[in-house]
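One-letter residues, chain by chain:
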Amino acid sequence: MFLEKFREFKNSLLFRLTLLYALAFVSLSSIGFLAFYYRIYAVTMNTLDVELQDEVSKYTSLLTKSGLEGVRAAIADEGKFEDGEDGFYRIFDSNGNILMSTDMSFWKTIPRPNLPANKDHMGMAHEIQTLKFHDGDSKARSITAALTPDYGIQIGESLEEVSDYLDIFLNLFSVLAVSLILVSTLIGWFLARRAIVDMQEVTDTAQEISKGVFHRRVHVNGRLKEIQRLGTTFNSMLDRIDTLLRSMKEINDNIAHDLRSPLARIRGIAEMNLIKDDNSIDAYKDMAASTIEECDALIEMINTMLEITEEEAGVNKSQAESFELVQLIQEACDIFHPIAKSKKIDLKTSLPESLIIKSDRRKLQRIVTNLLENAIKYSPENKSVAISASVQNGEILIDVEDAGIGISKNDLPHIFERFYRCDRSRSRSGVGLGLSLVKAYTESINGQIYVKSLFNQGSCFTLRFLNSDDVN
Ligand code: ADP
C-alpha cells in the first residue's frame, strides 16, 4: 500500500518537477561555487609565487653585495620560519651540497635540490613546484633558483594556511549547499504545485464533462499564462462542440420533420381511402398518384442529401467543357417564365451577346436554376428578379438579384447549412437543401458564392468563376 503510494508519487508530475527544480538549482550553484573556488585558489597561488620570486631576487642582489655570509646573516636577522613547520630556506652549491639552511627536521623527506637550467623571460633560472610529503598530508610551494652560476637557493612555504583558509570556504559552502537544497526543493515544490493545481482544474472539468455536465467551463482568470491558454483553448473547443451538437440536433429534428410529414401524408391518404365508402378504381388511382408524388419528394430529398455529401467528398468529378453561358441562363429563364408570370414577377436579364465559359454544364445549370427558383419563390407578387452575367478582372460574375422578402442578419450566416430554413413555420415549400447543394456544386467547379441581403428588401446571390480553362 505504502509502496504503491510512493510509486504513484514518484511518477507524479509534482515530484518530477520538484526534483528538476532542485537539481537545476543545486547544479547551477555548484558550478558557480567551483568556479569561485578555483579562482580563489589560482589567485592565492599566484600571489605566493610572486612573493617567492621577489625573495629570490632579494637574495640574488644580497649575495653579489655581501657574499654567502651576508645572505646567512639576513636570513637569521629576518627570523623567518623560526617555527620550522612554516617553511624553509636552503642555500646549495652546483653539486647539490647544502651550504646553509633553516631547521629542516619537518622537511627532511624533501630531496636534494639541483640548480635549475631554464631561465625565464627576466633571465632568472628558477623552478616553482608544489611539494607533497608526509604521504601527501602536507604540502608546500617551493621555488628553486640559481643565485649565481655556483650557488642556488630553495625557499619552501607551507600551504597549511592556504588549505585551512580554503577548508573554511569549503565548509561554508557545504552548509550553504544543504540549505540551498532545502530551499530549492521547497521553491520547486511550490512552483510545481501551482502549475499542477491549475492543470487539475482542466482535468476536473474534462471529467465532469465526460459525466454529462456539458455546460462546465474552465475558470481561466488568475492562472499561469500557459494554463490560461490551455483553458481558453479547452473552453473554445467545448463551445465549438456545443454548437456542433446543437446544429446536429437541429439537423436531426429537421430531417425527422421532413421525413415524417410526407410519410404522415401518405398514411393519411391510405387511411382515408380505407374509411371512405368510395371503392371506385378512380379513388384508388388518386391515392396511388398522391403516394407516388409524396414518395418522389422523399426520394428527391434523399438524393439531394447524397449528392451534397458526394460533392463535398469530391466523389463526383466535374466534366469541364466550353459552352455559351448566355444560352444556359436564357434557357433557365425560359423554364421559370411561366411561374414568374403567374406571380406577376418581372424576370429581367442583363447579358452580353456572348460569354463562353469552360465548366461543368450540368452543375452550372442546377446552380442557376436553384438560385432563380429561390429568387422567385421568396419574392411577393409584382416584384422583379434580375439575372446578369459579366466579366470583371478576369472573372466571370453571375448575379441573381431579387426584391423579395430578404434574409435577416441572424439567418444569413446559416443559409448554406443543410436543412436550414429561415422560415421556421415552413409556410413555403422546400426542405432547406437547395443552397447547400448550390454551394457544394459551386465549390466543386472551383467557383465561389456570396450573398448580400436586407431583410424585407431583397437579396443578391453572386457566383464568381475564374475565366480560364483551368477547371477539373
Ligand atoms: P429551401 O428549399 O427552403 O428554399 P434553400 O437551401 O434553397 O432551401 O434556402 C435556405 C433558406 O434560405 C430558405 O428556406 C429561405 O429562408 C432562405 N432563402 C434562400 N434564398 C432566398 C432568397 N432569394 N430570398 C430570401 N430568402 C432566401
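As a starting point, this report considers the structure included with it. Being a predicted model, the structure only gives us computed values, none of them experimental. (Residues numbered from 1 in each chain as written. Predicted model: local features only at pLDDT ≥ 70, side-chain atom pairs only at ≥ 80, totals over all residues. Heavy atoms only, no water.)

Turning our attention to the overall build of the chain. A count of helices and strands for the chain gives eight helices and 12 strands. Radius of gyration (C-alpha) of the chain: 51 Å, far over the 23 Å computed for a compact globule of 472 residues. For the chain, the spread of C-alpha atoms along the principal axes amounts to about 155 × 65 × 35 Å. Residue burial in the chain is summarised as follows: out of 472 residues, 34% are buried. When contacts within the chain are restricted to residue pairs at least 6 apart in sequence, long-range pairs at least 24 apart make up 63% of them. (Helix = DSSP H or I, 4+ residues; strand = E, 2+ residues; numbered from the N terminus. Rg over C-alpha atoms; globule rule 2.2 N^0.38 Å. Buried < 20%, exposed > 50% of the residue type's maximum accessible area, 1.4 Å probe, protein only. Contact = heavy atoms within 4.5 Å.)

What follows is about the packing of aromatic side chains. Across all of its chains, the model carries nine aromatic pairs by this definition. Judged by centre distance (5.3 Å) and plane angle (55°), the ring pair of Phe-36 and Phe-169 falls under tilted. Taken together, the residues Phe-36 in helix α2 (residues 13–78) and Phe-169 in helix α3 (residues 160–210) connect sequence positions 133 residues apart. Residue class for Phe-36 comes out partly exposed when judged on its relative accessible area of 47%. Arranged with centres 5.6 Å apart and planes meeting at 80°, the rings of Tyr-59 and Tyr-89 form a pair that is edge-to-face. Taken together, the positions of Tyr-59 in helix α2 and Tyr-89 in strand β1 (residues 87–93) put the pair 30 residues apart, joining distant regions of the chain. Tyr-89 sits in the buried class, given a relative accessible area of 2%. Taken together, the ring pairs connect Phe-33, Phe-36, Tyr-37, Tyr-38, Phe-169 and Phe-173 into an aromatic cluster. (Phe/Tyr/Trp six-rings, centres within 6.5 Å; stacked < 30°, edge-to-face > 60°.)

Now for the nonpolar core. Core analysis: the biggest nonpolar cluster contains 45 residues, and Leu-325, Leu-364, Leu-371, Leu-372 and Phe-461 have the highest contact counts within it. Sorting the residues of this core by element identifies α5 (281–313), α6 (325–342), α7 (361–377), β9 (384–392), β10 (395–402), α8 (434–444), β11 (447–454) and β12 (458–466) as the ones contributing at least two each. In terms of residue count, the dominant contributor to this core is α6 (eight residues). Excluding its chain neighbours within four sequence positions, the residues that come into contact with Phe-461 are Leu-371, Ile-398, Asp-399, Val-400, Ile-407, Ile-415, Phe-416, Leu-435, Ile-449, Tyr-450 and Val-451. Membership of the second largest hydrophobic core comes to 15 residues, among which are Ala-74, Tyr-89, Ile-143 and Ile-155. (Core = buried A, V, L, I, M, F, W, Y, C linked by side-chain atoms within 4.5 Å.)

Now for the side chain of Lys-363. As for its position among the elements, Lys-363 is in helix α7. For Lys-363, a relative accessible area of 1% gives the class buried.

So, on to the site of the ligand. Around the ligand, 21 residues are found, and the nearest of them are Asn-374, Tyr-378, Asp-402, Gly-432 and Leu-435. Between the ligand and Val-431 there is a distance of 3.2 Å, counted from an oxygen atom to a backbone nitrogen or oxygen. Protein burial of the ligand: of its 520 Å² of free accessible surface, 97% is covered by the chains. Elements with a minimum of two residues in the shell around the ligand: α7, α8 and β12. If you tally residues by element for the shell around the ligand, the top one is α7, at three residues. Per-class residue counts for the shell around the ligand are 11 nonpolar, six polar and four charged. (Near = heavy atom within 4 Å. Polar contact = N/O pair within 3.5 Å; in protein donor to acceptor, adjacent residues only side chain to side chain. Areas by Shrake-Rupley, 256 points an atom, 1.4 Å probe, with all protein chains shown as cover. Nonpolar A, V, L, I, M, F, W, Y, C, P; charged D, E, K, R; others polar.)

So, about the pairing of β9. The two faces of a sheet get side chains in turn, since along a regular strand they alternate between them. Of the pairings in the sheet, the one linking strand β7 (residues 346–350) to β9 comprises five bridges and is parallel in character. Along β9, the bridge assignment pairs Leu-347 with Val-385. Pairing between β9 and β10: eight bridges, direction antiparallel. Residue Ala-386 lies in a different strand from β10, and its bridge partner there is Glu-401. (Pairing = 2+ DSSP bridges.)

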